[in-house]
Amino acid sequence: MSDPVVLRARAEASASALPPLLAAAEHLASTVILGDHGRRRAGTGDTFWQYRPAQSHDSARSIDWRRSARSDGAFVQDKEWQIAQSVVFWVDQGASMRFSSAPAVAQKSTVARTLALACAILLTRGGERVGLTGASLPPRRGTAQISQMAALLSQDDPSDYAMPEARGMVPHSRAVFVSDFLSDLAPIEAALTRAADRGVRGALVQILDPQEEAFPFDGRTVFESMTGGLRHETLKAGDLRDRYLDRLAERKNRLTALARTTGWQFTTQHTDAPATQALLWLYAAMEQPV
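Residues numbered from 1 in each chain as written. Predicted model: local features only at pLDDT ≥ 70, side-chain atom pairs only at ≥ 80, totals over all residues. Heavy atoms only, no water.

Would you mind going over the side chain of Thr114 with me for this structure?
Relative to the elements of secondary structure, Thr114 occurs in helix α3 (residues 108-125). Assessed through its relative accessible area of 12%, Thr114 is described here as buried. (Helix = DSSP H or I, 4+ residues; strand = E, 2+ residues; numbered from the N terminus. Buried < 20%, exposed > 50% of the residue type's maximum accessible area, 1.4 Å probe, protein only.)

What follows is the structure, given as structure tokens:
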């Protein structure tokens, strides 16, 4: 049996991470003004949304004759779309995401978790169901769901690179993968192919530290993974710059092509840049038709 003192200490340590993550996500979400109904659109429902000119396929029963009498044309009432979508998130919790090049620069994991949780908050406000890939947290609505997401996203994976989880995707739903995508891309490709086969569309958000984008190293340099399991020492780091930047560009191009092929979208967010634009991009990506 585990020591109760140890269990309590671990529980308190886990709980202490929740308020800052939730507070940061709520703050980020509050910077985006989407109106009371950010995801309103025409569709199945009972709530009036807007009038639109009648089309040839509209039946006479659908014409709003009272509104039409005030103009020269016939008008139809559009109802507000009220079928909740399911959006599942996979956020890389591997050790590589805990890298930061400077104390003033946030860790990649912090940016990834905050961005994903802020997007989930906005989606739930719009009436959508959110959850995590896999079986740990199926899509649901409500603030309790957001709190559970925060708790699970606050956990770390001990491996250098975490593998994407493709289970738990509802057919014809949405998904979001947030990672640095610096590991082997074969699991990413397999997950996106599986998602596409189920009619799932979504977005890839690559989180990179400024050093990973610029490679500002020269002379003797020791490169080591966050777990210490990988290590490379060179006396001429500057000679590696061009090859590194070429490989990074090639990786981004491959991710872009992979997203295009599977009907997903791809973007890159730097940890030293405001996350508001990335959140707007991500929220808009969830609006794309399946």
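I would appreciate a short explanation of the pairing of strand β7 (residues 221-224) in the present structure.
Strand residues, when the strand is regular, have side chains that alternate between the two faces of the sheet. Here β7 pairs with strand β8 (residues 231-234) via four bridges, running antiparallel. Paired with Phe223 across the strands is His232, a residue of β8. Hairpin geometry of β7 and β8 is characterised by an intervening segment of six residues between the two adjacent antiparallel strands and by a positive phi of about 80° at Gly228. (Pairing = 2+ DSSP bridges.)

Just to check I follow, could you spell out the packing of α3 against helix α4 (residues 143-153) for this structure?
Relative placement of two packed helices is described by the angle separating their axes and the distance separating the axes. At a closest axis distance of 10 Å, the pairing of α3 and α4 adopts a crossing angle of 165°. With respect to α4, the axis of α3 lies roughly antiparallel. Crossing of α3 over α4 shows right-handed handedness. Every residue of α4 that contacts α3 at Arg113, Leu117, Ala120, Ile121 and Thr124 is listed here: Ile146, Met149, Ala150 and Leu153. (Axes fitted to C-alpha atoms, helices over the stretch in contact; angles between N-to-C directions. Parallel < 35°, antiparallel > 145°, perpendicular 65-115°, else oblique. Left-handed = near helix turned anticlockwise from the far one by under 90°. Contact = heavy atoms within 4.5 Å.)

I'm lost on the confidence of the model for the chain in this one. Help?
Regions with low pLDDT carry predicted coordinates that are not meant to be interpreted in detail. Taken over all residues, the pLDDT of the chain has a mean of 85, while the share at 70 or more is 84%. Scored below 50 in pLDDT, residues 35-40 shows 13 contacts in the model against residues more than four places distant or in partner chains. (pLDDT = per-residue confidence, 0-100.)

Please explain the sheet that holds strand β4 (residues 129-132) as it appears in this structure.
The strands making up a sheet associate through backbone hydrogen bonding, with each pair oriented either parallel or antiparallel. Taken together, five strands build an open sheet; the order of strands is β4-β3-β5-β6-β9 and the sheet is parallel. Two strands in the sheet have a free side with no partner beyond their single neighbour: β4 and β9 (265-270). In this sheet, neighbouring strand axes are inclined to one another by 20° on average, regardless of whether the strands run parallel or antiparallel. In the packing of α3 onto the sheet, the strands contacted are β3 (86-91), β4, β5 (174-179), β6 (201-208) and β9, and the crossing angle to β3 comes to about 175°. Of the strands in this sheet, β3 and β4 touch α4, which is tilted by about 20° from β4.

What is the right way to look at a nonpolar patch on the surface in this model?
A contiguous nonpolar patch, built from Tyr161, Met163 and Leu230 and spanning about 280 Å² of accessible area, is present on the exposed surface. Structurally, Tyr161 is set in the loop between α4 and β5. Since its relative accessible area comes to 31%, Tyr161 is described here as partly exposed. (Patch = residues over 30% accessible without salt bridge, like charges linked within 9 Å, V, L, I, M, F, W, Y side chains within 5 Å. Areas by Shrake-Rupley, 256 points an atom, 1.4 Å probe, with all protein chains shown as cover. Salt bridge = Lys/Arg side-chain N within 4 Å of Asp/Glu carboxyl O.)

Is there a simple way to explain the nonpolar core in this structure?
In globular proteins that are soluble, nonpolar side chains generally tend to be buried together. Judged by nonpolar contacts, the single largest core of 39 residues is most densely connected at Phe89 and Met149. Of all the elements in the fold, those that place two or more residues in this core are α1 (4-30), β3, α3, β4, α4, β5, β6 and α8 (276-285). With 11 residues, α3 is the single largest residue contributor to this core. Met149 has contacts with Phe89, Leu117, Ala120, Val130, Gly131, Leu132 and Leu137, leaving out every residue within four places of it along the chain. One finds Phe177, Ala191, Val200 and Leu258 within the second-largest nonpolar core, a separate group that totals 20 residues. (Core = buried A, V, L, I, M, F, W, Y, C linked by side-chain atoms within 4.5 Å.)

For this particular structure, what's the right way to read the side chain of Thr133?
Checked against the element boundaries, Thr133 lands in the loop between β4 and α4. In this structure Thr133 comes out as buried when scored by relative accessible area, which is 7%. From its side chain, Thr133 meets the backbone oxygen of Glu165 in a polar contact 3.0 Å long. Beyond its immediate sequence surroundings of up to four residues, Thr133 is in contact with Val88, Phe89, Trp90, Glu165, Arg167, Met169 and Phe177. (Polar contact = N/O pair within 3.5 Å; in protein donor to acceptor, adjacent residues only side chain to side chain.)

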